Amino acid sequence: MIHAMDARLQRRVQRYGWERAADAYARHWHGPLAGVHGEMLALAAPAPGEAVLDVACGAGVVSVAAASAVGSAGRVLGVDLADAMVQAARQRAQSLGLGHAGFERMDAEQLALPDASFDLALCALGLMYVPDPDVALRELHRVLRPGGRAVLAVWGERARCGWAPLFGIVDAEVRSEVCPLFFGLGQGDALARRCAAAGLQVSAQRRRSDSLAYADADEACAAAFVGGPVALAWSRFDATVRERVQARYLEAIEPSREGRGYRVAAEYLIVAAQRRYSCWKATSLFSSKT
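None of the values given here were measured: they were computed from a predicted structure.

Another point: the overall build of the protein chain. A count of helical and extended segments in the protein chain gives 11 helices and eight strands. Computed over the C-alpha atoms, the radius of gyration of the protein chain is 19 Å, within 12% of the 19 Å expected from 2.2 N^0.38 for a compact globule of 290 residues. Seen through its principal axes, the protein chain has C-alpha atoms that stretch 65 × 45 × 30 Å. For the protein chain, long-range pairs separated by at least 24 residues make up 81% of all intrachain contacts whose partners lie at least 6 apart in sequence.

The next subject is the pattern of salt bridges. Enumeration according to the criterion identifies 18 salt bridges in this entry. For the salt bridge of R208 with E39, the shortest nitrogen-to-oxygen distance reads 2.8 Å. In this pair, R208 is assigned in strand β6 (residues 200–214) and E39 in helix α2 (residues 34–44), connecting sequence segments 169 residues apart. Residue classification places R208 among the partly exposed residues on the basis of a relative accessible area of 23%. Between R105 and D83 there is a salt bridge, and its shortest N-O distance comes to 3.9 Å. With a gap of 22 residues between them, R105 in strand β3 (residues 101–105) and D83 in helix α4 (residues 83–95) connect regions that are remote in the sequence. Looking at D83, the relative accessible area reads 33%, which means it is partly exposed. Linked through salt bridges whose partners overlap, the residues forming this network are E39, R206, R208 and D210.

Bringing empty space enclosed by the protein into the picture now. Considering all chains together, one arrives at one cavity of 30 Å³ or more under this definition. In this structure, the largest cavity encloses a volume near 600 Å³. If you go around the largest cavity, you meet 43 residues; those closest to its centre are A56, D80, L125, G126 and Y129. Mapped by element, the contributors of at least two residues to the lining of the largest cavity are α1 (4–29), β1 (51–55), α3 (61–70), β2 (75–80), β4 (118–124) and α8 (217–226).

Turning our attention to unusual backbone geometry. Despite not being glycine, A56 has its phi angle at roughly 55 degrees, a positive value. Topologically, A56 is positioned in the loop between β1 and α3. In this structure A56 comes out as partly exposed when scored by relative accessible area, which is 29%. Positive phi, close to 50 degrees, is recorded for A116, a residue that is not glycine. Secondary-structure assignment places A116 in the loop between β3 and β4. You can call A116 buried: its relative accessible area is 18%.

Calculation notes
Going along each chain's sequence as written, the residues are numbered from 1 onward. Since the coordinates come from a predicted model, pLDDT governs what is reported: local features require at least 70, and pairs of side-chain atoms require 80 or more to be given and counted, while whole-chain, interface and lining totals use all residues. Based on all heavy atoms of the structure, the side-chain values leave hydrogens and waters out of the count. Every helix listed is a DSSP run of H or I at least four residues long, and every strand listed is a run of E at least two residues long, numbered separately from the N terminus. Put simply, the radius of gyration uses C-alpha atoms, and a globule should come to 2.2 Å times the residue count raised to 0.38. We call two residues in contact when some of their heavy atoms are within 4.5 Å. Salt-bridge detection follows one rule: a side-chain nitrogen of Lys or Arg within 4 Å of a carboxyl oxygen of Asp or Glu. Three labels apply to residues, based on accessible area from a 1.4 Å probe with only protein chains included: buried if under 20% of the type maximum, exposed if over 50%, partly exposed otherwise in between. Site definitions follow a grid-based scheme: protein atoms alone, a 1 Å grid, a 1.4 Å probe that fits but cannot get out for cavities, and for pockets an open set with protein on both sides within 12 Å along at least five of seven lines, plus lining residues having an atom within 4 Å of a point. Grid points are joined across faces, edges and corners, and a volume is the space filled by probe spheres set on the points.

Here it is in structure tokens:
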């Protein structure tokens, strides 16, 4: 559990860091993440007419794909902590004519949404940034209808993510408070156990091995520092520190170099779960007596 003051600080770091990273994130990460996004959506199987919530939606890539699947008879709401991400997602949906996809700035730990209002909840590589993921999972459980599904993706084991040294390199320069337990959810069955504790019945757990391809060192560093979770720290580094952290990061990913480019190992963990009908019945019976 993160101390309350640290949690508030972490939320600010996340919000303002992703505000700065929004444009670069779209350029450097949407392509490399297409595989895990596709696998998530295939597992979630959004159906025509369903109501879908996309938590930590970023620029709305997963949201618009879900909106296409549910059609105009359904609805999609994407929520994110960063205003710039929400605006980018709105523009993406509008450009595709998806008027049934809406976007709002909202904290994953405090969803300003009615109970039992969604058929499906998605969270693609966002739960690691939440100060208290257990609270966020309980919120997902709350807003899902009885039998509603949740499909979540997080980064996998630290040792299987070649870019993982990034956090230590940045922390050596400044106390970033980016994500102190970043890889914790991807270890073993940690995420499945947390889902179960939140009342979600796990139906599937998959690990996906992949790679992040970069054309050259500049692209690899831009993805890591400008378009990633350490963007706020990067924005405050002077030229000397930037040169130093870039050199250290390139040294760390040197084993992944292929000619001028890089192919950095990445692992994802995808968990599918469902809100039990019995939980809803028990809650309803309890509520009717109070």
